[in-house]
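Per-entry structural report
The chain contents come next:
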Number of protein chains: 2
Amino acid sequence: MTTERDLLITEVALRDGSHAIAHQYTVEQVAKVAKALGEAGVPYIEVSHGDGLGGSSLQYGLSHTNEMELIEAAVSVSGDSKIAVLVLPGIGTVHELKEAAKLGVKMARIGTHVTEADVAAQHLSKAKELGLETVGFLMMSHMAPVDKLVEQAKLMESYGADAVYMFDSAGALLPHQVKERVRALRQNLQVDVGFHGHNNLSLAMANTLAAIEEGAKRIDGSIRCLGAGAGNTQTEVLIAVLEHMGIRTGIDLYKIMDVAEEVIAPILQVPQEITRDNLVLGYAGVYSSFLLHAQRAAKRFNIDSRDVLIELGKRKVVGGQEDMIVDVAAELAKQRN
Amino acid sequence: MTTERDLLITEVALRDGSHAIAHQYTVEQVAKVAKALGEAGVPYIEVSHGDGLGGSSLQYGLSHTNEMELIEAAVSVSGDSKIAVLVLPGIGTVHELKEAAKLGVKMARIGTHVTEADVAAQHLSKAKELGLETVGFLMMSHMAPVDKLVEQAKLMESYGADAVYMFDSAGALLPHQVKERVRALRQNLQVDVGFHGHNNLSLAMANTLAAIEEGAKRIDGSIRCLGAGAGNTQTEVLIAVLEHMGIRTGIDLYKIMDVAEEVIAPILQVPQEITRDNLVLGYAGVYSSFLLHAQRAAKRFNIDSRDVLIELGKRKVVGGQEDMIVDVAAELAKQRN
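Counting of residues starts from 1 at the beginning of each chain's written sequence and follows it residue by residue. Chains carry letters from A onward and ligands carry numbers from 1 onward, assigned in written order. Totals for whole chains, interfaces and linings use every residue, but because this is a predicted model, local features are given only for residues with pLDDT of at least 70 and side-chain atom pairs only at 80 or more, for both listing and counting. Based on all heavy atoms of the structure, the side-chain values leave hydrogens and waters out of the count.

A short note on the overall build of chain A
- Helix and strand labels come from DSSP, where a helix needs a run of H or I of at least four residues and a strand needs a run of E of at least two; each type is numbered from the N terminus. A tally of regular secondary structure across chain A gives 14 helices and eight strands.
- Judged by the C-alpha coordinates and their principal axes, chain A covers about 70 × 45 × 40 Å.
- When burial is assessed residue by residue, chain A has 63% of its 337 residues classed as buried.
- Each accessible area is a Shrake-Rupley estimate made with a 1.4 Å probe; only the visible protein chains count as cover when residues are assessed. Put simply, chain A shows about 12800 Å² of open surface, and 47% of that area lies on carbon and sulfur atoms.
- Counting rule applied: Lys, Arg positive; Asp, Glu negative; His and chain ends not counted. Charged side chains are reduced to one point each, which is NZ for Lys, CZ for Arg, CG for Asp and CD for Glu. Side chains of chain A carry 32 positive and 43 negative charges; the gap between the two charge centres is 3 Å. Type-normalised accessible area, obtained with a 1.4 Å probe on protein chains alone, sets the label of each residue: buried when under 20%, exposed when over 50%, and partly exposed for intermediate values.

Following this line, the structure appears as structure tokens:
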């Protein structure tokens, strides 16, 4: 018997949620969560370091447990749920992707900055060769105008992605902006469109519903909001809302509520709130990695770090350009004098 | 110089938020919060027991400090911000309203169940006599069809309410339902329409934006989500979102962020999350006071308390009808056998 699903939900608490617990997942925790998610009928479960395969490092945070062990544990207990992995080209390699495929992973999600889809070409084609389902992600999608987003999504499609997601990585988009983007993607792509939201502006659910209204067929959620920044669209809440809307996900509402309360909540040491820092990041629309740099630079020039972050957002500064943070702070300080 | 405001925000952390800290506010805390809110430019600050004036009781929870002392403290430090009080007829009396007015309160917010506006008549007219601004609230507004809501709102208006709010007390409404209701209210009332949301379905912000889109001019928020259930629309986040939309509230974004992080967060012992219980209440659309009763009844009949709550929601059981909870549980148990 096939489960009827109007939408395909991917649960990301075991990947994006890894950020929220400083990548300290244990084999026991992952096995418990993946088993419970499988029993709840979640179609895809993403398991990787928060920054994808190979993310465990001094730069991105060391994992407590080798992610291949976590993946193996998840595959062994997840039943009909398929295990997915995230790969960010430049961090994760094709070698790691192969290893994950050997362990029984069924889906590769390849993510790039919204303007850099071309770096996903090799990983996507390799994933197809390995017989995996493939998804292309465009991250920080608020940073590109709609036509650029569409152009990059078409590249992802041309490399073999079975679906293309827009990621609102900073939780910076408003619902009407999500609608406009998803509509344009739907008009220009043959493959499914997906959406992954963050809650920095308390709009993850609103944006997810906006995406669904425009025809997005793949949606990411994280149980109990377990994700980077202010967390993601809260899966168990989303399932409740979709039940009210008559949209079928194949996920059992009571079971997913129970996973949240009984399995995930005890793992989470610090509940996901919209703190000042997360709010500023979403409002400015910048990478979370900029926060500490901006705070340090602001202190040095005796200005408000929020002004620095907002200016960085306006200039669309991207990862790797952290050097510019001090320059921006110096400029702002000069303007004030 | 008058502050330009497209919307009037009322901060409810010192009233609805009282639920979140078991009504344990101290004079020092209230003074600190009210002063900071005044400096941030918040036009209205509500201060009362969570269930309004006179709410301190064994039934509704005893306050740490007499609310009149809290109100006096707030009035003395809030600068240009006006202090509002909540009165639920049946709990709060006209006598208490007078006392609050003497202390310098400027606004009376009179709330009733969505179908019982008539019990607000006396309190609203008395508040007018006392020279107060008046607001009528229709609580649990998801429980009435749109025409009933409009009829009751018109009653509130006829009693002298300067504005009528719809309260999504259980956090049960979806954005399209809010739109439909606010639109109908706007079409049928001369006075301002307001919206007060709860976050049980992670839709407080989405619903607030939906209400604003339809012309609601008064909006409630609570800093750091401090409110009953899963909390309210998070004020500082709302201000950030409205800034992006070019909607002027007269509230300083950085200052309200700072109140949240530096003044409110340290008061809050347990962060506001969407727990299983809050989610079930929002999904079922029932009073939070039903939760424990339903859990007890469900245990007795060996069924799932969620089934009981959802059935109570379907039957639109209201406060005071708690006796029905056991009956519903018994019926459900019988159906299963």
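So, next bit.
A few points about empty space enclosed by the protein
- A 1.4 Å probe that fits into a set of points on a 1 Å grid over the protein atoms alone but cannot get out defines a cavity; an open set with protein on both sides within 12 Å along at least five of seven lines defines a pocket, and lining residues are those with an atom within 4 Å of a point. Grid points are joined across faces, edges and corners, and a volume is the space filled by probe spheres set on the points. Under the definition given, this model contains four cavities of 30 Å³ or more.
- Considering only enclosed or pocket space, the largest cavity measures out at about 250 Å³ in volume.
- Taken together, 18 residues line the largest cavity, and the ones lying closest to its centre are Asn199(A), Gln272(A), Glu273(A), Asn199(B) and Gln272(B).
- By the convention adopted, Pro, Cys, Tyr, Trp, Phe, Met, Ile, Leu, Val and Ala count as nonpolar, Lys, Arg, Asp and Glu as charged, and the other residues, Gly among them, as polar. Along the lines of polarity and charge, the residues of the lining of the largest cavity split into six nonpolar, eight polar and four charged.
- Of the voids in this model, the second largest cavity is the one considered here, and its volume is about 80 Å³.
- Surrounding the second largest cavity, 13 residues form its lining, Ser18(B), Tyr25(B), Ser48(B), His49(B) and Leu70(B) being those nearest its centre.
- Considered class by class, the residues forming the lining of the second largest cavity number five nonpolar, seven polar and one charged.

Some details on the environment of Val150(B)
All names here are of chain B.
- Relative to the helices and strands, valine 150 is located in helix α6 (residues 146–158).
- Valine 150 gets classed as buried once you look at its relative accessible area, which sits at 10%.
- Each C-alpha atom of the pair valine 150 and histidine 293 lies 32 Å from the other, and the pair is 143 residues apart in sequence.
- We call two residues contacting when some pair of their heavy atoms lies within 4.5 Å. Apart from residues no more than four positions distant in its own chain, valine 150 is found in contact with Ala184, Leu185 and Asn188.

Regarding the domain arrangement of chain A
Residues and elements named next belong to chain A.
- Each domain span listed reflects an automatic or database assignment of domains. Along its sequence, chain A is organised into domain 1 (8–264) and domain 2 (286–336).
- A straight line from the C-alpha centre of domain 1 to that of domain 2 covers 29 Å.
- The partner domain 2 presents five residues to the four residues of domain 1 that form the contact.
- Defined here as a combined quantity, buried area equals the accessible surface (1.4 Å probe) lost by two parts on assembly, summed across both. Taking both partners together, domain 1 and domain 2 bury about 440 Å²; carbon and sulfur atoms supply 65% of that area.
- Among the residues of domain 1 in contact with domain 2, His113, Met140 and Met143 are the three that bury the most area, contributing 79% of the side total.
- Salt bridges are defined by distance alone: a side-chain nitrogen of Lys or Arg within 4 Å of a carboxyl oxygen of Asp or Glu. Counting every contact that joins domain 1 to domain 2 gives zero salt bridges.
- Any N or O atom pair separated by 3.5 Å or less is treated as a polar contact, with the protein-specific requirement of one donor-capable and one acceptor-capable atom, and with residues adjacent in sequence counted only for side-chain atom pairs. Here domain 1 and domain 2 share one residue pair in polar contact (both at pLDDT 80 or more) between them.
- Among the residues forming the side of domain 1 that touches domain 2, the class breakdown is three nonpolar, one polar and no charged.

Quick word on the UniProt feature "binding site: Mn(2+)" (unreviewed entry) in chain A
All names here are of chain A.
- UniProt positions are given in the numbering used here, feature names are shortened, and annotations may be inferred rather than shown by experiment. As recorded in UniProt, the sites labelled "binding site: Mn(2+)" (unreviewed entry) are Asp16, His196 and His198. The greatest C-alpha distance among the annotated residues, which extend across 183 residues, is 10.6 Å, indicating that they converge on a single site.
- For histidine 196, the location among the structural elements is in strand β7 (residues 192–196).
- By relative accessible area, which is 0% here, histidine 196 ends up buried.
- Residues within four places of histidine 196 in sequence aside, it is in contact with Val12, Arg15, Asp16, Tyr165, Met166, Phe167, Asp168, Asp220 and Asn232.
- Given the relative accessible area of 6%, histidine 198 is considered buried.
- When sequence neighbours within four positions are dropped, the list of residues in contact with histidine 198 reads Asp16, Asp168, Ser169, Ala170, Gly171, Ala204, Ala228, Gly231 and Asn232.
- One polar contact links the side chain of histidine 198 to the main-chain carbonyl oxygen of glycine 231, over a distance of 3.3 Å.

Let's talk about the relation of the copies chain B and chain A
- Least squares is used to superpose the copies, and the fit set is the C-alpha atoms of residues whose pLDDT is at least 70 in both copies. Between chain B and chain A, the superposition needs a rotation of 180° and an axial shift of 0.0 Å, giving an RMSD of 0.0 Å. The operation mapping one copy onto its partner corresponds to a two-fold rotation axis. Taking C-alpha positions as reference, the residue of chain B nearest the rotation axis is Ala206(B), located at 2.6 Å.
- Interface residue correspondence from chain B to chain A reaches 100%, placing this contact among same-surface, isologous pairings.

Some thoughts on the packing of aromatic side chains
Residues and elements named next belong to chain A.
- Note on aromatic pairs: the rings of Phe, Tyr and Trp (six-membered ring only in Trp) are paired at centre separations within 6.5 Å, and the planes decide the class, stacked below 30 degrees, edge-to-face beyond 60, tilted for the rest. A full pass over the atoms with the stated rule returns eight aromatic pairs over all chains.
- Measuring from ring centre to ring centre gives 6.1 Å for tyrosine 165 and phenylalanine 167, while their planes differ by 65°; the resulting arrangement is edge-to-face. For the pair tyrosine 165 and phenylalanine 167, a shared accessibility class is recorded, and that class is buried.
- One aromatic cluster is present, built from ring pairs that chain together Phe137, Tyr165 and Phe167.
- The ring of tyrosine 165 carries the charged tip of arginine 109 above its face, separated from the ring centre by 5.2 Å. Geometrically, a charge over a ring is one whose NZ (Lys) or CZ (Arg) sits within 6 Å of the ring centre while staying within 35 degrees of the ring normal.

Focus: the sheet that holds strand β2 (residues 44–46) of chain B
Residues and elements named next belong to chain B.
- Strand order in the closed barrel formed by eight strands is β1-β2-β3-β4-β5-β6-β7-β8, with parallel pairing between adjacent strands. Strand after strand, the sheet turns through a mean of 25° between neighbouring axes, direction not considered.
- DSSP bridges decide pairing: two strands pair if at least two such bridges lie between them. Taken together, the seven bridges between strand β4 (residues 107–113) and strand β5 (residues 133–139) define a ladder with parallel strand orientation. If you follow threonine 112 over to β5, its bridge partner there is leucine 138. Angles here are taken between N-to-C directions and fall from 0 to 180 degrees, while the axes themselves are lines fitted to C-alpha atoms, restricted in helices to the stretch in contact.

What to know about the interface of chain B and chain A
- Listed as interface residues are 38 residues of chain B and, on the opposing side, 38 residues of chain A.
- Roughly 3500 Å² is buried in total at the junction of chain B and chain A, and carbon and sulfur atoms are behind 61% of that figure.
- Connecting chain B to chain A are eight salt bridges.
- Its salt-bridge partner being Arg306(A), residue Asp258(B) comes within 3.0 Å of it at the nearest N-O pair.

Quick word on the nonpolar core
- Counting 230 residues, the largest nonpolar core has Val308(A), Leu309(A), Val308(B) and Leu309(B) as the members making the most contacts within it.
- Tyr44(A), Ile91(A), Ala163(A) and Tyr165(A) belong to the second-largest nonpolar core, a separate cluster that totals 12 residues. Note on terminology: a nonpolar core comprises buried Ala, Val, Leu, Ile, Met, Phe, Trp, Tyr and Cys residues joined through side-chain atoms within 4.5 Å.

Here's the deal with the packing of helix α11 (residues 276–284) of chain B against helix α13 (residues 305–314) of chain B
Residues and elements named next belong to chain B.
- Contact geometry of α11 with α13 gives a least axis separation of 8 Å together with a crossing angle of 30°. The orientation of α11 relative to α13 falls into the category roughly parallel. Crossing of α11 against α13: the hand is right-handed. Residues Arg276, Val280, Leu281, Tyr283 and Ala284 of α11 touch α13, and the partners they reach there are Arg306, Leu309, Ile310 and Gly313.
- A class-by-class count of the residues in the contact of α11 with α13 yields six nonpolar, one polar and two charged. Our angle categories are set so that under 35 degrees counts as roughly parallel, over 145 as roughly antiparallel, 65 to 115 as roughly perpendicular, and the remainder as oblique. Helix crossings fall into two classes, left-handed where the near helix is turned counterclockwise from the far one by less than a right angle and right-handed where it is turned clockwise.

Focus on the pattern of salt bridges
- On inspection of all chains with the given rule, the structure shows 46 salt bridges over all chains.
- Lys82(A) is paired through a salt bridge with Glu133(A); the nearest N and O atoms lie 3.3 Å apart. Pair noted here: Lys82(A) is in strand β3 (residues 82–87) and Glu133(A) is in strand β5 (residues 133–139), with a separation of 51 residues, a long-range link.
- With a shortest N-O distance of 2.5 Å, Arg276(A) and Asp258(B) are connected by a salt bridge. You can see Arg276(A) sitting in helix α11 (residues 276–284) and its partner Asp258(B) sitting in helix α10 (residues 253–264), one on each of two chains.
- Connected through salt bridges with shared partners, the residues Arg15(A), Asp16(A), Glu46(A), Arg109(A) and Asp220(A) form a single ionic network.

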